Amino acid sequence: MSAVFVVIGLVAGIVGKLGPNQMCEAFLQGVADLSGGAMIIGVAAGIQCVISDANTIDTIIYGISTPLSGLPTLVSAIGMLLVISLINILIPSGSGKAVAIMPILFPISALLGFTQQTAVLAYQLGDGIINLITPTLGLLFIGLAFGKVPYDKWLRFYFPLAIKVTVVGMVFISYAVLTGYGPF
């Protein structure tokens, strides 16, 4: 993927009629602009590595998901959405999160009386909505670095929207529980 970016940069420099020195200066300026985001990605990856290597992810997930088992079905399904949103901060990878928490969420959904499809819907909504403010998601910081948008400014802009979309997600989760969404 890095090679593709280098080739695109060269093509853009040629199309923009930049000389070799100007292309190198533009490249170095781009690297400088992204260095802050790269540092944040490194720190986030380090935190994730420490949590993973210490084998605390399972304990954290279990501790967050256990209270759901004592709630009414509708409330626990909405709680599942919120729990997944919290877990998204610890495990920003969608596939990694699925491997870690689906074995826990599926039995909980069966015990609480809603379908596995509702659990998957809660997972998808919890994963997608919060991705754009997750401080451990490197891709977010790359995008913010490209746009020269500070994280705190982005958070003030996006957080109210994330709350609204989460409320809409809660409505969809409620509908899924009430209608017995799935199985397919």
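Residues numbered from 1 in each chain as written. Predicted model: local features only at pLDDT ≥ 70, side-chain atom pairs only at ≥ 80, totals over all residues. Heavy atoms only, no water.

1. Focus: the overall build of the chain
Okay, step 1: What the chain contains, in helices and strands, is 8 helices and 0 strands.
Okay, step 2: What you see in the chain, going N to C, is helices and strands ordered as α-α-α-α-α-α-α-α.
Okay, step 3: Over its C-alpha trace the chain gives a radius of gyration of 21 Å, far above what one expects of a compact globule, namely 16 Å for 184 residues.
Okay, step 4: Its C-alpha atoms give the chain principal-axis dimensions of about 65 × 35 × 35 Å.
Okay, step 5: In the chain, buried positions account for 33% of the 184 residues.
Okay, step 6: Summed over all atoms, the accessible surface of the chain reaches about 10,900 Å², with 75% contributed by carbon and sulfur.
Okay, step 7: Between the mean site of the 6 positive side-chain charges and the mean site of the 6 negative ones, the chain shows a separation of 15 Å. (Helix = DSSP H or I, 4+ residues; strand = E, 2+ residues; numbered from the N terminus. Rg over C-alpha atoms; globule rule 2.2 N^0.38 Å. Buried < 20%, exposed > 50% of the residue type's maximum accessible area, 1.4 Å probe, protein only. Areas by Shrake-Rupley, 256 points an atom, 1.4 Å probe, with all protein chains shown as cover. Lys, Arg positive; Asp, Glu negative; His and termini not counted. Charge placed at Lys NZ, Arg CZ, Asp CG, Glu CD.)

2. Notes on the nonpolar core
Okay, step 1: Grouped together as the largest cluster of nonpolar side chains are 23 residues, with contacts concentrated most on Met80, Ile84, Ile101, Phe114, Ala122 and Ile173.
Okay, step 2: Sort the elements by how many residues they give to this core and helix α4 (residues 73–90) lands first, with 7 residues.
Okay, step 3: Here Ala122 is in contact with Ala77, Met80, Leu81, Ile84 and Ile173, once residues within four sequence places are set aside.
Okay, step 4: Formed by 10 residues, the second largest nonpolar core is a distinct cluster that contains Ile129, Ile130, Leu140 and Phe141. (Core = buried A, V, L, I, M, F, W, Y, C linked by side-chain atoms within 4.5 Å. Contact = heavy atoms within 4.5 Å.)

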